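Here is how the chains run, residue by residue.
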Amino acid sequence: YPETKHPTYFQSIGLPLEEPLVRTLRANGLTKKSSPVIIQSFETANLRKLARMTDVRLAQLLDAAGRPYDFVVAGDARTYQDLVSPANLKWISSYADGIGTNKNLLVPRDATGKLLAPTTVVRDAHRAGLVVHAWTFRAENQFLAVDHRIGTDPNARGDSTAEYELFFSLGLDGVFADHPDTAVAARAARPER
């Protein structure tokens, strides 16, 4: 799941990332949709370029705040929050196979860190034909919503299983996790649909 970092910057200094990445994929026989590779980026222009260069799956990364840097350079006012609208998810589906989203775009938190109602992003993305992966799931209290913390030590493990259960119940397709064993166990414990 390689991520292209700062592609607009590297393009601006004459070191585009896309060509060497695609050459490396080809050299290793990773050229098909079924290849075990998903290329991800917080920017859109390089993913749109990659969509014309390779059949490997692509994922648009979406943060809870800010906007893609290529949008900043191009004067596009859309933010990551704007990109999770049904219309923009449909646009993303024209070049990407999925989204990799900050988990707070799926289940926001209030100012005290308590969970709010889930959004419709997972449903809307699925309707647009996109898979949804969320990031980053960590076990320590400091990274969990207040609802899933155990005790007051920020470095102690909280109830990360409850967090996984919540997100998987929304139909989430995958997660980025610091403790993948816990994520796999929580996913395996879900009843078959």
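Let us look at the structure shown here. Numbering of residues starts from 1 in every chain and runs along the sequence as written. Residues qualify for local features only when their pLDDT is at least 70, as the model is predicted, and side-chain atom pairs are given and counted only at 80 or more; totals for whole chains, interfaces and linings, by contrast, use all residues. The basis for every side-chain value is the complete set of heavy atoms in the structure, and neither hydrogens nor water enter the calculation.

## Concerning a nonpolar patch on the surface
Then, number 1: Candidate patch residues must exceed 30% relative accessible area and have no salt bridge, after which like charges are joined if within 9 Å and Val, Leu, Ile, Met, Phe, Trp or Tyr side chains if within 5 Å. Note on areas: Shrake-Rupley, 1.4 Å probe, and residue coverage restricted to the protein chains presented here. Salt bridges are defined as contacts in which a side-chain nitrogen from Lys or Arg sits within 4 Å of a carboxyl oxygen from Asp or Glu. Where nonpolar side chains cluster on the molecular surface, the patch consists of Tyr9, Ile13 and Leu15 and spans about 290 Å² of accessible area.
Then, number 2: By secondary structure assignment, the location of leucine 15 is in the loop between α1 (7-12) and α2 (18-27). The helix and strand labels rest on DSSP assignments: H or I over at least four residues marks a helix, E over at least two residues marks a strand, and numbering proceeds from the N terminus.

## Observations regarding the nonpolar core
Then, number 1: By nonpolar core is meant a set of buried Ala, Val, Leu, Ile, Met, Phe, Trp, Tyr and Cys residues that side-chain atoms within 4.5 Å join together. The classification of residues rests on relative accessible area computed with a 1.4 Å probe and restricted to protein chains. Under 20% of the type maximum is buried, over 50% is exposed, and intermediate values are partly exposed. Grouped together as the largest cluster of nonpolar side chains are 36 residues, with contacts concentrated most on Ile39, Leu62, Ile92, Ile99, Leu106 and Leu172.
Then, number 2: Contacts: residue pairs with any heavy atoms within 4.5 Å of one another. Look past the residues within four positions of leucine 106 in its chain and what remains in contact with it is Thr101, Pro118, Thr119, Val121, Val122, Val132, Ala134, Phe167, Leu170 and Leu172.

## Regarding the pairing of strand β3 (residues 98-102)
Then, number 1: Burial analysis of β3 places five of its five residues in the buried class, the great majority of the element.
Then, number 2: We call two strands paired when DSSP finds no fewer than two bridges between them. Looking at chain direction, strand β2 (residues 57-62) and β3 are connected through four bridges and run parallel. Each residue of the ladder has a partner; that of leucine 62, found in β3, is threonine 101.
Then, number 3: Across five bridges, the pairing between β3 and strand β4 (residues 131-137) is parallel. By the bridge assignment for β4, asparagine 102 is matched with tryptophan 135.
Then, number 4: Convention used here: a crossover is right-handed provided that the path from the first strand, over the helix, to the second strand proceeds clockwise when the strands point away from the viewer. Assessed by its sense of winding, the connection that carries the chain from β3 through helix α7 (residues 121-127) to β4 is right-handed.

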